[in-house]
Amino acid sequence: MAGKLDGQVVAITGASSGIGEATALALAAEGASVALAARRADRIEALAGKITGDGGKALAIETDVTDESQARAFVEGAKEGLGGLDGLVNNAGVMLLGPVAGAETDDWRRMIEVNLLGLLYCTHAALPIMGAQGSGHIVNLSSVAGRMAAAGSAVYNMTKWGVGGFSEGLRQEVLHAGVRVTIVEPGFVDTELQGHNELEIVKDGIKKMEKQIGDLLQAEDIAAAIVYALTQPQHVSVNEVLVRPTGQQR
Ligand code: NDP
């Protein structure tokens, strides 16, 4: 059966788990060839093996997006290895929560480097390719935390607010080149993301929130939103998709 993305190539960062992994599978199911970036090479190689085994086309490229040359090598390697670059999903991200006062400032650097600089480096590498072909689509993962700030997530808020502001500025710059920009803003999704937090106060807050929400979003729910944005006709630019679990208050 024909897929909506047959013949297209999409590069996905943070494809070793959660939303990135689910997005790779969902895009491959629509016929896209997918390039997979993450630091955990074993995970993306296994995912590429699964997609290939199911009849798709996938290329795993071990990448730390905070290293500009690795980010560039990923994007250019996707084009060379898979024969084009129609989409880039800037999904790699970290969320290390806690109060500003007394925070580990290394956590701030990690969030800024992955959530902002990693996204910028990959975008910068993709733009000349998309500009030259007169089409392309960049999907940036923001968050509900890019719209609603909260005590304990100020720096994460800052990075996701940054993704929103950057994406709108970029959209206006590249629309004449036929390049579309989308931000996807998930609420609470059941992935590894929350598990990197070590502060007891944060872990308790996450548990409380999980209980209040009830049924959390699954990575596949966000993958479906990304597929929706990427499968619209060229004249339709889905700029923003906000998806919360039904039970999430804020
Ligand atoms: P996961 O922790 O499951 O996935 C994060 C991905 O980012 C992993 O594949 C990880 O791969 C990758 N990553 C982290 N650091 C780097 C790096 N330096 N270089 C390359 N890849 C990196 O979380 P999610 O799937 O939930 O998160 C995906 C995106 O969705 C993030 O941007 C997150 O902020 C956003 N989001 C998530 C929400 C949620 O509730 N889960 C809510 C709102 C937004 P590896 O460690 O192998 O490098």
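Residues numbered from 1 in each chain as written. Predicted model: local features only at pLDDT ≥ 70, side-chain atom pairs only at ≥ 80, totals over all residues. Heavy atoms only, no water.

S.K.: In this structure, what is going on with the pattern of salt bridges? I would like to understand it.
M.R.: Side chains that differ in charge, positive against negative, can pair when their charged atoms come close. Counted under the stated rule, the structure contains nine salt bridges. When the shortest N-O distance is used, the salt bridge between glutamate 185 and arginine 147 registers 3.1 Å. One end of the pair, glutamate 185, is in strand S6 (residues 179-186); the other, arginine 147, is in the loop between strand S5 (136-141) and helix H5 (154-174), with 38 residues separating them in the sequence. When its relative accessible area of 2% is taken as the criterion, glutamate 185 is described as buried. Classification of arginine 147 by relative accessible area gives partly exposed; the value is 40%. For the salt bridge of arginine 171 with glutamate 168, the shortest nitrogen-to-oxygen distance reads 2.9 Å. Taken together, the residues arginine 171 and glutamate 168, both in helix H5 and three residues apart, mark about one turn of the helix. By relative accessible area, which is 22% here, arginine 171 ends up partly exposed. The class for glutamate 168 is partly exposed, based on a relative accessible area of 33%. Connected via shared salt-bridge partners are Arg40, Arg43 and Glu192. (Salt bridge = Lys/Arg side-chain N within 4 Å of Asp/Glu carboxyl O. Helix = DSSP H or I, 4+ residues; strand = E, 2+ residues; numbered from the N terminus. Buried < 20%, exposed > 50% of the residue type's maximum accessible area, 1.4 Å probe, protein only.)

S.K.: What should I look at first to understand the pairing of strand S7 (residues 240-243) in this one?
M.R.: In summary, the side chains of a regular strand alternate between the two faces of the sheet. In S7, alternate side chains face the same way, and those of Val241 and Val243 are buried while those of Glu240 and Leu242 on the opposite face are not. As judged from the four bridges shared by S6 and S7, these two strands associate in the parallel manner. Note that in S7 the partner of isoleucine 183 across the bridge is glutamate 240. (Pairing = 2+ DSSP bridges.)

S.K.: Explanation requested: the packing of helix H1 (residues 18-29) against helix H7 (residues 219-230) in the structure shown.
M.R.: If you want to describe how two helices pack, look at the angle between their axes and the distance between the axes. Interaxial distance between H1 and H7 falls to 8 Å at its minimum, and their mutual angle equals 50°. Looking at the two axes, H1 sits oblique to H7. For the pair H1 and H7, the crossing hand works out as right-handed. Across from Gly18, Ile19, Ala22, Thr23, Ala26 and Leu27 in H1, the residues of H7 making contact are Ala219, Glu220, Ile222, Ala223, Ile226, Val227 and Leu230. A breakdown of the residues in the contact of H1 with H7 according to their chemical character gives ten nonpolar, two polar and one charged. (Axes fitted to C-alpha atoms, helices over the stretch in contact; angles between N-to-C directions. Parallel < 35°, antiparallel > 145°, perpendicular 65-115°, else oblique. Left-handed = near helix turned anticlockwise from the far one by under 90°. Contact = heavy atoms within 4.5 Å. Nonpolar A, V, L, I, M, F, W, Y, C, P; charged D, E, K, R; others polar.)

S.K.: Got a minute to help me understand the site of the ligand in this structure?
M.R.: Near the ligand you find 31 residues, and of these Ser16, Arg39, Tyr156, Val189 and Thr191 are the closest. A distance of 3.4 Å is found between an oxygen atom of the ligand and a backbone nitrogen or oxygen belonging to glycine 93. At a separation of 3.4 Å, an oxygen atom of the ligand approaches a polar backbone atom of glycine 187. Out of a free accessible area of 880 Å², the ligand has 96% covered by protein chains. Among the residues making up the shell around the ligand, the classes are represented as twelve nonpolar, 14 polar and five charged. (Near = heavy atom within 4 Å. Polar contact = N/O pair within 3.5 Å; in protein donor to acceptor, adjacent residues only side chain to side chain. Areas by Shrake-Rupley, 256 points an atom, 1.4 Å probe, with all protein chains shown as cover.)

S.K.: Can you help me understand the nonpolar core in this one?
M.R.: The tendency in soluble globular proteins is for nonpolar side chains to be buried as a group. Ala11, Phe74, Val75, Leu85, Leu88 and Met130 are the most contacted members of the largest nonpolar core, which has 39 residues in total. Listing elements by their share of this core, those giving two or more residues are strand S1 (9-13), strand S2 (33-38), helix H3 (68-82), helix H4 (105-133), H5, S6 and helix H6 (200-213). Looking at which element gives the most residues to this core, the answer is H4, with eight residues. Setting aside chain neighbours within four positions, we find alanine 11 in contact with Ala35, Phe74, Ala78, Leu85, Gly87, Leu88 and Val89. Within the second largest apolar cluster, 35 residues are counted, among which are Ala22, Ala24, Leu47 and Leu230. (Core = buried A, V, L, I, M, F, W, Y, C linked by side-chain atoms within 4.5 Å.)

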